[in-house]
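Coordinate analysis (summary)
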Amino acid sequence: MRAAAEKGHTSAASLPGIPRASKLITSAVAAKSEATTSSPSTKPGHEVLLFEALQEGLEEEMEKDPRVCVMGEDVGHYGGSYKVTKGLAEKFGDLRVLDTPIAENSFTGMAIGAAMTGLRPIVEGMNMGFLLLAYNQISNNCGMLHYTSGGQFTIPIVIRGPGGVGRQLGAEHSQRLESYFQSVPGLQMVACSTPYNAKGLMKAAIRSENPVILYEHVLLYNLKERIPDEDYTCCLEKAELVRPGKDVTILTYSRMRHHVLQAAKTLINNGYDPEIIDIISLKPFDLYTIGNSIKKTHRVLIVEECMRTGGIGASLRSSIIDNFWDYLDAPIMCLSSQDVPTPYAGPLEDATVVQPPQIVKAVEQLCQ
Amino acid sequence: MAPQISTLRRALFMPAIASRFMAPSALSRSFSRSADEDCSTFTVDIAVQFKGHNVEPPAQVVETSAKELMKFFKDMSRMRRMEIASDQLYKSKLIRGFCHLYDGQEAVCIGMEAALTKEDNIITGYRDHCTYLGRGGTLPEVFSELMGRRNGCTLGKGGSMHFYKKENGFYGGHGIVGAQVPLGVGLAFAQKYEKVKGVTFALYGDGAANQGQIFESLNMAALWDLPAVYVCENNHYGMGTAEWRSAKCPEYYKRGDYVPGLKVDGMDTLAVKQAVGFAKEHALSKGPIILEMDTYRYHGHSMSDPGSTYRTREEISGVRQERDPIERIRKLILLKEIASAADLKSIEKEVKNEVEDAVAKAKESAPPDPSDLYSNAYVKGYGTQAFGCDRKHSTVVLP
C-alpha cells in the first residue's frame, strides 16, 4: 500500500468526461495542450453533449470539403436516430445527406464505390451490429482495394455508428464489432469516449485517406463536456493519457473508460495510484504510449467491453507480451465481457459487462 | 427436366439460324482503299430481335464503318488469343490460383467499348481480362499480373481477379460474386454528385443475378435516378449450375420489375453496340436500365473446371460454329468486301505474335520486391506509424 504522500498529486473530481487539466501532459504523449480548456490563454470553449460534438465535427468537415457526404438510414430528414446528423440535410441537401433504404450491404458497397472515385462518404450504421450485413463489403472491398489495386484507389471512407451494450436493448442490438473487424487488413479503428475526442476523431477520420471505423457507444451520447471553439483534430493513432500514475497501467476504451474512472475514485481513496490510458486507437495500437507506461508501472490491467474470445484485449495482450515482456512484473490481467449473448434482464445484463467493483478488485490483486 | 434442356438448347442456337440472313446493304468496297482508315458509315441489320421490358427497344439497324469492323476483328482476335495463351500458361503452372477465361464473350466488351467513352465507368466481376484490355489495358500488363510479376497492372498483388485501370474508368476486377454491383451504384452516385456526364456499367453474371445486393442496389439506383446500367452477362451457367436450375425466372432483363430491361444477342458485337448506346442515353435521361447479354463461354467457369460435366461438347462446339462473335465479324467483313480472307489471316497472325511477345516479356520480368508485401496496405499520411516503447524499435511500421 503506497503512502498517500507518494502520490505527488491530488485527484480532482474524476467525473467521467471532464479532462484532468494540467495532469494530462507527460512526455509519453505528444503535447495536446488544446485539451486543457481551463487554461486561461485559450478561448473559453463551449459545452456540448457527445452527439453534438460529433455533429459539429461532421458539419465543419462538410462545410470545408464538398466531397464529404453522409449515407445511412434515417440520417437525413429524421436527423439521425441518435441525432448526430441533425439539421445537416436541411443545410446540405438530400444528396449529401442521403437517406438510404434498409440495405446495409448495398449502401456500404455504394459508399465504397463512391470513395473509389474520390468522394469522402461517411456511412452510418444505425446500430453497429447492422453493419455485420455489410461485412463482405467492409472486409473485401473497403479494406483490400487499396492493396489489390496496387495503390490506384484510396478508400477515404468513415464507417461509424453506436455499438456496445446499452440499457436492455437485447442481444442483437448490443454487439461489439471491434473484435470482428480488427483482423481486416487495411482498416483503421478508433473508439471515442468523450465529447472532446469524439469531435477530434470524427474530423481526423474524415480527413484520413484510409478507411476508418469510428466506434461510438450508445450510452455515451449524452456525456457533457466543455470543448474548444477552435478547429482541432485528434490523432487517429495516439492513445490518451487520462490519469498519470505509478502503480498499474489500466488500458481501456469507450464506455469502460468511465467505469475505470469510477473505480479509480475508490482506488485512489485506498491509496493506489493507477495510470489510466484510453487507448483510442484500436487498430493499430499506440504501442509507444502504452510501452512507456508499462516501463513505468510494470503492471497491466486491460478493461474492455468486447468479448473475452478474440477481443481487443486478447490482441493487446499479445502485443504487450511480444514487445514489453521484460518490463512486466506480473501477468497481464484482462477484464472483458462474458462470452454470452447479452441478456435482456437488467441484472444479468449488468453482469455481462465489467463493473467498477471488479476493476477495483483486479487492481488490488495485481498490486499485491 | 428434358423439356427444359431442349428449351435452353433452342435458345442458344436460335439466333444462329437467324444470323444467316443478315441483309447486305451499301456498295462493295474496293481493296485499294485501306480498310483500317475507311470511316464512311453504312448500316447493318441486327439479326436477333431486341426484347424490351417496359421499354421500347432500339432500332434493329446499327451504323458502322469499315474501320470499326476491322478494329472489332483485330481487338477480338487479340482477346481470343490472349485467353488461349492464358490457358496454356495456366496449364504450365505459370498462372496459379483462379483463372476465369472470357473467350466466347468478347462481343460484349468490344461492343460496349464501341458505344462508350472514358468518361463512362465499367465495373465487372472476376472474368475481367478482356474487359481490362478493352478499357485500354495492355497485353504485357495482363500477363505480368497473371504471373504475379512486379510490372503487372496491380503490381503483381492483385492477380487474375483484380485488374484495375482508374484513369480509363475501369474499376475492376472483383472476386466476390455480385459485390461489385453496389460498388457500381456508388460509382454512378459519384457521377451524379460530381455532375459528370457519364454512365456506370455494372456487369455481373447470371449466377450473380440471384444475389440480394443486386436488387438492393437496383432499388437505390432507381430511387435516386443514378446513371447506372446493369449488364447481366448471361452465359447460361453459374459455374456448374445451369440457369434453369438456379433461377425461377431466367429472364434476367425482366427481373428489374420497375426498372426497364432489354435482351440483347451478346454474341453480335453490333447488336451490343446498339444496345449499349441506347442504354447510355436512357441512363442519362430516364434512369437505370438492365441489359441482358445472351452470350456463351467456351471454357469452363475457371481453369479448374473442365466445363463439360454440366454441358455437352456438342453444345459448346455448336455455339462456336453457329454464333462465334469473331466469325460473325469476319463473315461481315468478307461479305462487304472490306478486306480479303488473306488480310484477315495476316491480322490474326500479327495478333498472335503480339501475344507471344507479351508472354515472353512477362515471363522474363521480375517478381515483386519482398518489401511490397507491406506497401499499399494503408495510405501514408496523418500519422500512420506505430513505434515500440523506446521509439527505436518499431514492430509495426505502416508504409
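Conventions we followed
- Every residue gets a number counted from 1 within its own chain, in the order that chain's sequence is written.
- Chains carry letters and ligands carry numbers; both start at the beginning, A for chains and 1 for ligands, and go up in the order they are written.
- For a predicted model such as this one, the threshold for reporting local features is a pLDDT of at least 70, and the threshold for listing and counting side-chain atom pairs is 80 or more; totals across whole chains, interfaces and linings nevertheless cover every residue.
- Based on all heavy atoms of the structure, the side-chain values leave hydrogens and waters out of the count.
- Each helix corresponds to a stretch of at least 4 residues labelled H or I by DSSP, and each strand to a stretch of at least 2 residues labelled E; elements are numbered beginning at the N terminus.
- A contact between two residues is defined here by any heavy atoms of the two lying within 4.5 Å.
- As annotated, the domain borders come from an automatic or database domain assignment.
- For any pair of parts, buried area is found by adding up, for both, the accessible area (1.4 Å probe) each one loses once the two are put together.
- Throughout this description, a polar contact denotes any pair of N or O atoms lying within 3.5 Å of each other; where both atoms belong to protein, one of them has to be capable of donating a hydrogen while the other can accept it, and for residues adjacent in sequence the pair is counted only when both atoms sit in side chains.
- Under the scheme applied here, ten amino acids are nonpolar (Ala, Val, Leu, Ile, Met, Phe, Trp, Tyr, Cys and Pro), four are charged (Asp, Glu, Lys and Arg), and all others, including Gly, are polar.
- Put plainly, a pocket is an open set of points on a 1 Å grid over the protein atoms alone with protein on both sides within 12 Å along at least five of seven lines, a cavity is a set where a 1.4 Å probe fits but cannot get out, and a lining residue has an atom within 4 Å of a point.
- Grid points are joined across faces, edges and corners, and a volume is the space filled by probe spheres set on the points.
- When DSSP finds at least two bridges between two strands, those strands are taken to pair.
- Working convention: axes come from line fits to C-alpha atoms, limited for helices to the stretch in contact. Angles between N-to-C directions cover 0 to 180 degrees.
- The buried label goes to any residue with under 20% of its type's maximum accessible area, the exposed label to any with over 50%, and the partly exposed label to all in between, with areas taken from a 1.4 Å probe on protein chains only.
- To estimate how far a helix should reach, multiply one less than its number of residues by 1.5 Å.

Description of the environment of B:Phe278
Residues and elements named next belong to chain B. Examined against the element boundaries, Phe-278 turns out to sit in helix H9 (residues 269-285). As for Phe-278 and Pro-57, which are separated by 221 residues in sequence, their C-alpha atoms are 8.5 Å apart. Setting aside its immediate chain neighbours within four residues, Phe-278 contacts Val-55, Glu-56, Pro-58, Leu-262 and Ile-289.

Concerning the domain arrangement of chain A
All names here are of chain A. Once the domains are mapped, chain A shows domain 1 (2-9 + 40-227) and domain 2 (240-366). On a C-alpha basis, the centroid separation for the pair domain 1 and domain 2 is 24 Å. In this assembly, 35 residues from domain 1 lie in contact with 35 residues from domain 2. Carbon and sulfur atoms supply 51% of the area buried between domain 1 and domain 2, which totals about 2,800 Å² over both sides. Between domain 1 and domain 2 we count 21 residue pairs in polar contact (both at pLDDT 80 or more) in total. Among the secondary structure elements, those contributing two or more residues to the side of domain 1 that touches domain 2 are helix H6 (178-181), strand S6 (188-191), helix H7 (195-207) and strand S7 (212-217). Per-element accounting of the side of domain 1 that touches domain 2 gives the leading share, four residues, to S6. Considered class by class, the residues forming the side of domain 1 that touches domain 2 number 15 nonpolar, 14 polar and six charged.

Here we look at empty space enclosed by the protein
Residues and elements named next belong to chain A. Applying the stated criterion across every chain yields a total of ten cavities of 30 Å³ or more. Reported here for the largest cavity is a volume of approximately 90 Å³. Here the residues of the lining of the largest cavity sort into five nonpolar, five polar and four charged. Structurally, the lining of the largest cavity is a two-domain feature, drawing no fewer than three residues from each of domain 1 (2-9 + 40-227) and domain 2 (240-366).

Let's talk about the sheet that holds strand S5 (residues 200-205) of chain B
Residue and element names in this part refer to chain B. Across the sheet, which stays open at both edges, the six strands sit in the order S2-S9-S10-S6-S5-S4 with mixed pairing between neighbours. For this open sheet the edge positions go to strand S2 (51-53) and strand S4 (121-123), each flanked by a neighbour on one side alone. Across this sheet, the average inter-strand angle for adjacent strands is 20 degrees, counted without regard to direction. Direction of pairing for strand S9 (residues 261-265) relative to strand S10 (residues 289-294): parallel, over a ladder of five bridges. Among the inter-strand pairings, Asp-265 is bridged to a residue of S10, identified as Asp-294. Contacts between helix H6 (residues 180-193) and the sheet are confined to S4, S5 and strand S6 (228-234), with S5 contributing the most and set at about 175 degrees to the helix.

Considerations on the pairing of S6(B)
Residues and elements named next belong to chain B. Of all seven residues making up S6, seven are buried, and the element is well covered by its neighbours. The alternating pattern of S6 places Ala-228, Tyr-230, Cys-232 and Asn-234 on one face and Val-229, Val-231 and Glu-233 on the opposite face, and all of these are buried. In this structure, S5 lies alongside S6, joined through six bridges in parallel fashion. Of the residues in S6, the one forming a bridge with Tyr-204 is Cys-232. Alignment of S6 against S10, held across six bridges, turns out to be parallel. Of the residues in S10, the one forming a bridge with Asn-234 is Asp-294.

What to know about the side chain of B:His299
With respect to the helices, strands and loops of the structure, B:His299 is situated in the loop between S10 and helix H10 (313-323). In this structure B:His299 touches B:Asp87, B:Leu101, B:Asp103 and B:Arg311, once residues within four positions along its chain are discounted.

What about helix H12 (residues 341-364) of chain B?
Between its terminal C-alpha atoms H12(B) stretches 35 Å, which fits the 34 Å expected from 24 residues at 1.5 Å a residue. By the burial criterion, the buried members of H12(B) are B:Leu344, B:Ile347, B:Val351, B:Val355, B:Ala358, B:Val359 and B:Ala362.

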